[in-house]
Amino acid sequence: MKKSDESLKRIFSKRLKELAKLPKIDESKSIESIIEKEGISRRDFMKWAGAMTAFLGLSSTFTPTVAKAAKLADRLPVIWLHMAECTGCSESLIRTATPTIDSLIFDYISLDYHETLMAASGWQAEENLENSIKKYHGRYIMMVEGGIPTGNAGSFLTIGGHGKKGEDIAKETAEGAAAIFAIGTCSSFGGVQAAAPNPTGAVSLSKVIDKPVINVPGCPPSAKNIVGTLLHFILFGTLPALDAFNRPKWAYGHRIHDLCERRGHFDAGEFVEQFGDEGAKNGYCLYKVGCKGPYTFNNCSRERFNQHTSWPVQAGHGCIGCSEPDFWDTMGPYEEPVADHLYKTVFGGLGADATADKVGLGLLTVTAIGIAAHAAISVVKKPKE
Ligand code: FSX
Ligand code: SF4
Ligand code: F3S
């Protein structure tokens, strides 16, 4: 074992021991018993833990620790708030043909307060939220799905009988939270409702609260990225390494393009020229029909969705950059190559500021030019058919 692994093991073991001392949220149930009840064998569970371990960038010797951490998730109350959005983030987690370990963990821990999943409604639901905030003060994880409308003094989003503003609920809940995750692009960056002209003045969660927020973007993000962020918190108890947009690097450290299954065709200059053509049938690269994979940081090409079944590029459409800030304004038109679009944004079109990735607009532009040149040269090099 590497020396750094040894010190990590010590950190994890101390943290897990502390968590194990906490009472379960519901003493009558545990993640372990739920997994058993669903007929998930120990072998399958360990297989899942092994995959999560690799996913988090830890060596395989940590698999038993990750398995233990997952089982301790029943000690962590989660409060999941819905703001302005489509509920796709929750759907991403629960819409699987058979319950996955990810969805089971999520279902179980989030029962404390989740507007679409919990049994309570009306006054009772509001009371649950207030009680959870008081009871678990300083201990709960706050997960927020959706952008926060701030226009017209926040009145575009009111929730519950008292007509409380979404913005105020977010602020109050943030106060006692041990960790705050913005789930989805809406909560991370404003999302679809913040697209120009942003009539409701929607903003990201981090703009309305003054505590650190971990962004888990994607419209929607994958179940693995959500559960992985939770597991990371259980293990480390601290914020993960984040990129310039506060996204965990273990999940958003690479571009879609880096691990895309169509990458060989990109390198060989084989492109789909229009949907339905021979190139499309042959599974060629989708760059020329608008794929934004070279500019998008996420792990979809490696992890896919729905238990690893598929992902946008596999289904035949380019990536639309859904985990990038302001992608509705900056990544469109979705079915045109990005070079044209960048030309428009950089030289006078919509959202020039919005593309300014702190990593460097220069880098993005150079990449765009490089890729456009590559695409053009490979077309020239290819014999005319
Ligand atoms: Fe929808 Fe979530 Fe997109 Fe937003 O996902 S899938 S609009 S990121 O907040 O519900
Ligand atoms: Fe894949 Fe898109 Fe990159 Fe082509 S441009 S290799 S389809 S990510
Ligand atoms: Fe979104 Fe692109 Fe992945 S559109 S789901 S980041 S492939």
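To keep things clear, this report deals only with the structure shown in the data block. (Residues numbered from 1 in each chain as written. Chains lettered and ligands numbered in written order. Predicted model: local features only at pLDDT ≥ 70, side-chain atom pairs only at ≥ 80, totals over all residues. Heavy atoms only, no water.)

**Remarks on the site of ligand 2**
At step 1: For ligand 2, the set of nearby residues contains 13 residues, the closest of which are His-257, Cys-260, Cys-285, Leu-286 and Cys-291.
At step 2: More than half of the atoms of ligand 2 fall within 2 Å of the grid points belonging to the second largest cavity.
At step 3: Looking at side-chain class alone, the shell around ligand 2 contains nine nonpolar, two polar and two charged residues. (Near = heavy atom within 4 Å. 1 Å grid on protein atoms, 1.4 Å probe; cavity = no way out; pocket = protein on both sides within 12 Å on 5 of 7 lines; lining within 4 Å. Sits in = over half its atoms within 2 Å of the grid points. Nonpolar A, V, L, I, M, F, W, Y, C, P; charged D, E, K, R; others polar.)

**Structural notes on the pairing of strand β1 (residues 78-82)**
At step 1: Across the five residues of β1, five count as buried, placing the element largely inside the fold.
At step 2: Where β1 meets strand β3 (residues 141-145), five bridges bridge the pair, whose relative direction is parallel. Across the sheet, the residue bridging to Val-78 is Ile-141, located in β3.
At step 3: By the bridge criterion, two bridges tie β1 to strand β2 (residues 113-114) in an arrangement that is parallel. Paired with Ile-79 across the strands is Tyr-113, a residue of β2. (Buried < 20%, exposed > 50% of the residue type's maximum accessible area, 1.4 Å probe, protein only. Helix = DSSP H or I, 4+ residues; strand = E, 2+ residues; numbered from the N terminus. Pairing = 2+ DSSP bridges.)

**Some points on the site of ligand 1**
At step 1: Ligand 1 sits among 13 residues. The nearest are Cys-86, Gly-88, Cys-89, Cys-186 and Cys-219.
At step 2: Within the backbone of Thr-87, an N or O atom sits 2.8 Å from an oxygen atom of ligand 1.
At step 3: Glu-145 places a side-chain nitrogen or oxygen 3.1 Å from an oxygen atom of ligand 1.
At step 4: Looking at the shell around ligand 1, its residues break down into five nonpolar, six polar and two charged. (Polar contact = N/O pair within 3.5 Å; in protein donor to acceptor, adjacent residues only side chain to side chain.)

**With respect to the packing of aromatic side chains**
At step 1: For the coordinates displayed, the defined rule picks out twelve aromatic pairs.
At step 2: Here Phe-12 and Phe-62 contribute two aromatic rings whose centre-to-centre distance is 5.5 Å and whose plane-to-plane angle is 70°, an arrangement assigned as edge-to-face. In this pair, Phe-12 is assigned in helix α1 (residues 3-21) and Phe-62 in the loop between α3 (42-55) and α4 (63-71), connecting sequence segments 50 residues apart.
At step 3: Of the aromatic side chains, those joined through ring pairs into one cluster are Phe-12, Phe-62 and Phe-236. (Phe/Tyr/Trp six-rings, centres within 6.5 Å; stacked < 30°, edge-to-face > 60°.)

**A few points about empty space enclosed by the protein**
At step 1: Considering all chains together, one arrives at three cavities of 30 Å³ or more under this definition.
At step 2: Size it by volume and the second largest cavity reaches roughly 100 Å³.
At step 3: His-257, Cys-260, Arg-262, Arg-263, Phe-266, Cys-285, Leu-286, Tyr-287, Cys-291, Gly-293, Pro-294 and Val-313 are the residues that line the second largest cavity. (Points joined across faces, edges and corners; volume = space filled by probe spheres on them.)

**Considering helix α12 (residues 223-236)**
Within an α-helix, residues lying three or four positions from one another point in the same direction, as the helix has 3.6 residues per turn.
At step 1: In a regular helix each residue adds 1.5 Å, so 14 residues correspond to 20 Å; α12 covers 20 Å between its end C-alpha atoms and thus fits that length.
At step 2: Of all 14 residues making up α12, twelve are buried, and the element is well covered by its neighbours.
At step 3: Those residues of α12 that fall on the buried side of the exposure criterion are Ala-223, Asn-225, Ile-226, Val-227, Gly-228, Thr-229, Leu-230, Leu-231, His-232, Phe-233, Ile-234 and Leu-235.
At step 4: At the exit of α12 stands Gly-237, carrying a positive phi of roughly 70°. (Expected span 1.5 Å × (residues − 1).)

Don't take any of this as a statement about function, it's just geometry.
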